Amino acid sequence: MSFLLPKLPYAYDALEPHIDTKTMEIHHSKHHAGYTNNLNNAIADTDLEGKTIEDILNNLDMTNAAVRNNGGGFYNHDLFWKIMSPSGGGEPTGDVASAINDAFGSYDNFKDVFSKAAATRFGSGWAWLCVHKGGKVEVCSTANQDNPLMPDVDCGGTPILGLDVWEHAYYLNYQNRRPDYINAFFNVINWEEVSKRFESGK
Ligand code: MN3
């Protein structure tokens, strides 16, 4: 059994004007497809074959670059597509909103902290909102395709929101204006999905 490229839950043009059609198409059909294929090749005929992606990442040998980069890439993009929606944006509600208020004081403060994590990640990587057992949330960032499920990445818990800040995620439309892309992302966050992930991860 091997991993399959997940279908996008909306059309390539659905997140316009915040994320453009061409970027979505290349990002999903080329980049995510590449991580998926390379992950399958990297685990073929090893004891990782048949395990869940969460199991693989939680117990990852960080010196295994092929599984680290492509397993991370497979998981991170799967989460990324799902926590966005053409009907997204606005502010979170319910328990996840309370957890965000407890940790950051307000939604606006959370937005500042998350945006800063995304803007200051040098080179390629991801910004995350994670939940720890007990329900406390934190913002952190990781390099390349690392993610909070992996050991020793200085970013823990279960990721419930993630933003790809690799140049391939925004350069066609935003060029070097990463902060504009980060700002636009808040208009497409699927808080309903983030809330579900908060409930199952807390
Ligand atoms: Mn990407």
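Right above here is the structure, for reference.
Below: a short report on this structure.

What counts and what doesn't
- Residues numbered from 1 in each chain as written.
- Predicted model: local features only at pLDDT ≥ 70, side-chain atom pairs only at ≥ 80, totals over all residues.
- Heavy atoms only, no water.
- Buried < 20%, exposed > 50% of the residue type's maximum accessible area, 1.4 Å probe, protein only.
- Helix = DSSP H or I, 4+ residues; strand = E, 2+ residues; numbered from the N terminus.
- Arc of directions from axis to C-beta.
- Contact = heavy atoms within 4.5 Å.
- Phe/Tyr/Trp six-rings, centres within 6.5 Å; stacked < 30°, edge-to-face > 60°.
- Salt bridge = Lys/Arg side-chain N within 4 Å of Asp/Glu carboxyl O.
- Pairing = 2+ DSSP bridges.
- Axes fitted to C-alpha atoms, helices over the stretch in contact; angles between N-to-C directions.
- Parallel < 35°, antiparallel > 145°, perpendicular 65-115°, else oblique.
- Nonpolar A, V, L, I, M, F, W, Y, C, P; charged D, E, K, R; others polar.

1. Observations regarding helix 4 (residues 94-104)
For helix 4, the complete set of buried residues consists of Val96, Ala97, Ala99, Ile100 and Phe104. All buried residues of helix 4 project into a common sector of 160° when viewed along the axis, lining one side. Elements that come into contact with the buried residues of helix 4 comprise helix 5 (107-120), strand 1 (125-131), strand 2 (137-143), strand 3 (158-164) and helix 8 (191-201). Of the residues one or two after helix 4, Gly105 is the one with positive phi, at around 90°.

2. Examining the packing of aromatic side chains
The tally for this structure, following the rule as stated, stands at 16 aromatic pairs. For the ring pair Tyr107 and Phe110, a centre distance of 6.0 Å and an interplane angle of 45° mean the geometry is tilted. Of this pair, Tyr107 and Phe110 both sit in helix 5, separated by three residues, roughly a single helical turn. Judged by centre distance (6.0 Å) and plane angle (80°), the ring pair of Phe114 and Phe186 falls under edge-to-face. Taken together, the residues Phe114 in helix 5 and Phe186 in the loop between helix 7 (178-185) and helix 8 connect sequence positions 72 residues apart. Here the two residues Phe114 and Phe186 agree in accessibility, since each one is buried.

3. Topic: the pattern of salt bridges
Summed over the entire model, instances satisfying the criterion amount to six salt bridges. Residues Arg68 and Asp146 are paired through a salt bridge, measuring 2.9 Å at the closest nitrogen-oxygen approach. One end of the pair, Arg68, is in helix 3 (residues 65-82); the other, Asp146, is in the loop between strand 2 and strand 3, and 78 residues separate them in sequence. Looking at Arg68, the relative accessible area reads 24%, which means it is partly exposed. Asp146 sits in the buried class, given a relative accessible area of 8%. Across the salt bridge formed by Glu199 and Lys202, the nearest N and O atoms sit 2.9 Å from each other. Put simply, Asp95, Glu199 and Lys202 are held in one network by salt bridges that share partners.

4. Things to note about the pairing of strand 3
The two faces of a sheet get side chains in turn, since along a regular strand they alternate between them. Of all the seven residues making up strand 3, six are buried; the element is thus mostly covered by neighbouring parts of the structure. In this sheet, strand 3 lies alongside strand 1 in antiparallel orientation, the contact comprising six bridges. Residue pairing across strands places Trp128 opposite Gly162, the latter belonging to strand 3.

5. With respect to the packing of helix 4 against helix 8
The interhelical angle for the contact between helix 4 and helix 8, taken along N-to-C directions, is 80°, at an axis separation of 8 Å. By the angle between their directions, the pair helix 4 and helix 8 is classed as roughly perpendicular. Together, Asp95, Val96, Ala99 and Ile100 of helix 4 and Trp191, Val194, Ser195, Phe198 and Glu199 of helix 8 make up the contact between the two elements. Each residue belonging to the contact of helix 4 with helix 8 can be placed in one class, and the counts come to six nonpolar, one polar and two charged.

Don't take any of this as a statement about function, it's just geometry.
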